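# Residue-level structural notes
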Amino acid sequence: MFRDWIAVGLGGMLGALTRFGLMHLFSWIGPAWLPIATLTANVLGCFGIGYASQWAFDQQAESVWWVIGVRVGLLGGLTTFSSFAMDLIREWQNGRAALSLGLVALHLVLGLAAVLVGLSMARSS
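The text that follows walks through the structure, step by step, so that each part is easy to find.

Definitions and cut-offs
Residues numbered from 1 in each chain as written. Predicted model: local features only at pLDDT ≥ 70, side-chain atom pairs only at ≥ 80, totals over all residues. Heavy atoms only, no water. Helix = DSSP H or I, 4+ residues; strand = E, 2+ residues; numbered from the N terminus. Buried < 20%, exposed > 50% of the residue type's maximum accessible area, 1.4 Å probe, protein only. Lys, Arg positive; Asp, Glu negative; His and termini not counted. Salt bridge = Lys/Arg side-chain N within 4 Å of Asp/Glu carboxyl O. Polar contact = N/O pair within 3.5 Å; in protein donor to acceptor, adjacent residues only side chain to side chain.

Of note, Arg 71 is situated in helix H3 (residues 65–78). The buried charged residue Arg 71 lacks any salt bridge partner; its closest oppositely charged side chain belongs to Glu 62, at an N-O distance of 4.6 Å. Separated by 3.5 Å, the side chains of Arg 71 and Ser 53 make a polar contact.

The next point concerns unusual backbone geometry. Not every positive phi belongs to a glycine, and Gln 60 is a case in point at roughly 55°. Residue placement: Gln 60 occurs in the loop between helix H2 (34–58) and H3. Using a relative accessible area of 75% as the deciding quantity, one classes Gln 60 as exposed.

Pairing is possible between side chains of opposite charge, provided their charged atoms come close. Across all of its chains, the model carries one salt bridge by this definition. Between Glu 91 and Arg 96 there is a salt bridge; the shortest N-O distance is 2.4 Å. For Arg 96, a relative accessible area of 39% corresponds to the partly exposed category.

Structure follows, in structure tokens:
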């Protein structure tokens, strides 16, 4: 179990550094490209979690420490959008399309609202 925590921590560090590197790389092109850095991180993370999840399932290795490090740490550090997308696909595949669509709506509405509230609270303090 301790190996899982170390793998997630190291993977998270590598994922966060990769995301930061993408932001730095795209900022050289110009600040207008920063949203493309986020898009790139999200797409890479979604591809990675799809591939890693299927591979781990096929190999019966879903709970192996380094697989957890890759899926939760590396890809989670790169983007939590990949976890969000994987959750949606799993619910959809399990016949819960309405739940998937509801989660999309909740993530968008609550996430955007939380950003606005955070901005507002920071401005007023």
